[in-house]
Amino acid sequence: MRDCTQSAIFGALSNELRMSSIANNLANVNTSAFKKDKLAFHDTFVRFAHDYLVDERTYIRGKKLFPEGHIMAKARLSAQQADLSQGSLENTGNQLDFAVSGPGFFSIQGDNEMLYTRAGNFVTDADGMLRTVDGNPVMVDGGPLVIPQGGRVQVDDEGNVMVNGVPAGAFDLVDFPDPTQLERVGSNSYRGLDGAVGVPSEDAEVAQGFIEKSNVEVVTEMVSMIETQRAFTMYTKMIQADNELDNKLITQVGRPTV
């Protein structure tokens, strides 16, 4: 396989990955508090073993021991992380809808691990326990919150919760100053990488009766999709043209003339 074909293949694969990310962003444009993914690519240079051979000792051998050294550039995914920028707030009037304004996450209990989310469209189960739409209990003062049937819930800007006028604790709001410490779990939750634990959020405010909307900008994503599709098409045409050239070299060059 020639170098131009390999470069085109890696270019096409990179744009395929980029297209998959864009499609996922657009699919979650209406998902509460969804954070779009950002991708970054860089060129890596692949050296072959014979590229490091500096002494061919031509005075010993009549011909070169190895073919000429060369370097190939290949596109590689260098970074993929969620864009944690603030989404706009939408007024729902639901007493169990909460939006975080500023840096911070609600703490929720996952399967044997603590998870974090900004999606505050909570619900209650048959026992009155406050949960996310995925069924994870929401942490209030380190434990789940149970709301009596028909109970009136009030939450202030600092996340302090009152049920029927009685203080019931405060949402466990945490922040991760380094976004690279977070790994997405599903579409709307995150976990700390390598045991990373969030620190109490000091700047986050909670708005009751609101939900945070996705930060996906449809127009921007559609423009990126068009660019990616065109780039992918260009690379596939390069592969096709190189393949046709190889076929001509195999079937025509060197053919004896009559």
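Residues numbered from 1 in each chain as written. Predicted model: local features only at pLDDT ≥ 70, side-chain atom pairs only at ≥ 80, totals over all residues. Heavy atoms only, no water.

### Concerning a negative patch on the surface
The line we're drawing: Patches here are clusters of residues that have more than 30% relative accessible area and form no salt bridge, with a 9 Å joining cutoff for like charges and a 5 Å cutoff for nonpolar side chains (Val, Leu, Ile, Met, Phe, Trp, Tyr). Areas reported here follow the Shrake-Rupley algorithm with a probe of radius 1.4 Å; residue values treat only the protein chains shown as occluding. Salt bridges, as used here, are contacts in which a Lys or Arg side-chain nitrogen is within 4 Å of a carboxyl oxygen on Asp or Glu. Charged residues are defined narrowly, with Lys and Arg counted positive, Asp and Glu counted negative, and His plus the chain ends left uncounted. All charge positions are set by atom: Lys at NZ, Arg at CZ, Asp at CG, Glu at CD. To qualify as a helix, a DSSP run of H or I must reach at least 4 residues; to qualify as a strand, a run of E must reach at least 2; elements of each kind are numbered from the N terminus.
A cluster of acidic residues, Asp-156, Asp-157, Glu-158, Glu-202, Asp-203 and Glu-205, forms a negative patch at the surface. Structurally, Glu-205 is set in strand 19 (residues 205–208).

### Regarding the nonpolar core
The condition that has to hold: Joining through side-chain atoms within 4.5 Å is the link that ties buried Ala, Val, Leu, Ile, Met, Phe, Trp, Tyr and Cys residues into a set, and such a set is a nonpolar core. Type-normalised accessible area, obtained with a 1.4 Å probe on protein chains alone, sets the label of each residue: buried when under 20%, exposed when over 50%, and partly exposed for intermediate values. Only heavy atoms enter the contact rule, under which two residues are in contact if any of them lie within 4.5 Å.
Core analysis: the largest hydrophobic core is formed by 20 residues, its most contacted members being Phe-98, Leu-130 and Phe-171. Discounting residues that sit within four places of it in the chain, Leu-130 has contacts with Leu-96, Phe-122, Val-123, Thr-124, Asn-136, Pro-137, Val-138, Leu-145, Ile-147 and Phe-171. Core analysis: the next-biggest nonpolar cluster, separate from the first, contains eight residues, Tyr-116, Val-174, Phe-176 and Tyr-190 among them.

### A look at the sheet that holds strand 4 (residues 97–101)
Convention followed: For two strands to pair, DSSP has to find at least two bridges joining them.
As summarised here, the arrangement of the three strands in space is 7-4-19, forming an open sheet in which the pairing is antiparallel. Lying at the two open borders of the sheet, with one neighbouring strand each, are strand 7 (120–121) and strand 19. With two bridges connecting them, strand 4 and strand 7 associate as antiparallel partners. Paired with Asp-97 across the strands is Asn-121, a residue of strand 7.

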